[in-house]
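One letter stands for each residue in the lines below.
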Amino acid sequence: MFNLRYQYQLFCLAVSFFSRLPIPASTPYSDERMNRAGRYFALVGLVLGALCAIAYSLSAAWLPPQFAVFITMVFSLLLTGAFHEDGLTDMADGIGGGMTTERRLIIMKDSRIGTYGAATLIMALLGKFIMLSYLAVHTELAVILLIAYTLSRTVAASLIFDMPYVSDASTSKSKPLANAQTVPELLFSVATGILVCLVLAPDLALVLVVAAVLFRMGFKAWLNARLGGFTGDCLGAAQQLMELLIYLILIASVHNQWG
């Protein structure tokens, strides 16, 4: 189905799944619709990035950059319910603490946070604060937030296309999104991520896209070797790690004065 109302309803489902933003109560739900809503993962990232960009711009008008960054990070966590950070933490605990695939999957389902997860979460949030604080001083951070939030979710969503889902469907809240992704859905997500990058200089946009492709290839191989596929937590981890990589690349471009 490609009628506008149906697509709007799918987008609303994606918004409700990946954020705490309200959607119309009348929005119909089914597992099939939720699976199809995955095509809008990157577009939801664009919306979240725009909201965080607004939060940063308003904060930066009254506060020093570091404080504005802190407020923006808190706002982002509230927007998403720390959804992707939770995935990164669970994946780190499972893969760091398990010696077999079965044990890793069991640990990832445990709601408690272990040493691997806690250390990873702390370093991710600390690294994000440091990198965003640097970029806030040297660049237009509002634009960077749009790019990072969108492209990172494009990479995460693309893993659904050609990787098996290995979590227990009866206990996973991500299962409705983890069924096979169609080629048009993948292309729509990829196009969303690439188009946002075009606000940058062409050479820097190309570097980001190539980095995203290489990260996806490496992360996919790493997950297949350790889990035999992906879980919902792995998608959250992919988003967080790719977001950090984007910031790192942009910092390198500023520091070395290229792009």
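See above for the structure.
A brief report on the enclosed structure follows. (Residues numbered from 1 in each chain as written. Predicted model: local features only at pLDDT ≥ 70, side-chain atom pairs only at ≥ 80, totals over all residues. Heavy atoms only, no water.)

1. Topic: the overall build of the protein chain
Regarding its fold elements, the protein chain presents 11 helices and zero strands. Listed N to C, the secondary structure of the protein chain is α-α-α-α-α-α-α-α-α-α-α in terms of helices and strands. At 18 Å, the protein chain has a C-alpha radius of gyration in line with the 18 Å of a compact globule built from 259 residues. On the principal axes, the C-alpha backbone points of the protein chain span a range of 50 × 45 × 35 Å. The burial tally for the protein chain puts 51% of its 259 residues in the buried class. Pairs at least 24 residues apart make up 77% of the contacts formed inside the protein chain by residues separated by at least 6 positions. For the protein chain, the exposed surface amounts to about 12200 Å²; the carbon and sulfur share of it is 70%. (Helix = DSSP H or I, 4+ residues; strand = E, 2+ residues; numbered from the N terminus. Rg over C-alpha atoms; globule rule 2.2 N^0.38 Å. Buried < 20%, exposed > 50% of the residue type's maximum accessible area, 1.4 Å probe, protein only. Contact = heavy atoms within 4.5 Å. Areas by Shrake-Rupley, 256 points an atom, 1.4 Å probe, with all protein chains shown as cover.)

2. Quick notes on the packing of helix α4 (residues 65-80) against helix α7 (residues 115-138)
It is at 9 Å that the axes of α4 and α7 come closest, and there the two elements cross at 135°. Looking at the two axes, α4 sits oblique to α7. Once α4 is placed against α7, the crossing between them reads as right-handed. On α7, the residues that touch P65, Q66, V69, F70 and M73 of α4 are L125, K128, F129, L132, S133, A136 and V137. Residue composition of the contact of α4 with α7, grouped by class: nine nonpolar, two polar and one charged. (Axes fitted to C-alpha atoms, helices over the stretch in contact; angles between N-to-C directions. Parallel < 35°, antiparallel > 145°, perpendicular 65-115°, else oblique. Left-handed = near helix turned anticlockwise from the far one by under 90°. Nonpolar A, V, L, I, M, F, W, Y, C, P; charged D, E, K, R; others polar.)

3. Brief notes about helix α11 (residues 232-255)
With 24 residues, α11 should reach 34 Å at 1.5 Å per residue; the first-to-last C-alpha distance of 35 Å fits that figure. Most of α11 sits inside the fold, with 18 of its 24 residues counted as buried. Of the residues flanking the start of α11, the one acting as N-cap is T231, its side-chain oxygen 3.3 Å from the backbone nitrogen of D233. One or two residues past the end of α11 sits Q257, with phi positive at roughly 55°. (Expected span 1.5 Å × (residues − 1). Polar contact = N/O pair within 3.5 Å; in protein donor to acceptor, adjacent residues only side chain to side chain.)

4. Description of the nonpolar core
Formed by 69 residues in total, the largest nonpolar core has its most connected members in L141, L223 and Y247. Top contributing element to this core by residue count: helix α8 (residues 141-162), with 12 residues. Excluding anything up to four places from it in sequence, Y247 contacts K128, M131, L132, L135, I144, L145, A148 and Y149. (Core = buried A, V, L, I, M, F, W, Y, C linked by side-chain atoms within 4.5 Å.)

5. Quick look at the pattern of salt bridges
Taken as a whole and judged by the stated rule, the model has eight salt bridges. Of the charged contacts, one joins R36 and E185 as a salt bridge, the two residues approaching to 2.4 Å between their closest N and O atoms. Here the residue R36 occupies a position in helix α2 (residues 31-37), and E185 occupies one in helix α9 (residues 183-197), the gap between them amounting to 149 residues. In this structure, K220 and D162 form a salt bridge, with 3.0 Å as the shortest nitrogen-oxygen distance. Residue K220 is found in helix α10 (residues 202-226), and its partner D162 is found in helix α8; the two are separated by 58 residues along the sequence. What emerges from the salt-bridge pattern is a single network uniting E32, R36, R39 and E185. (Salt bridge = Lys/Arg side-chain N within 4 Å of Asp/Glu carboxyl O.)

Any functional reading would require information that these geometric values do not contain.
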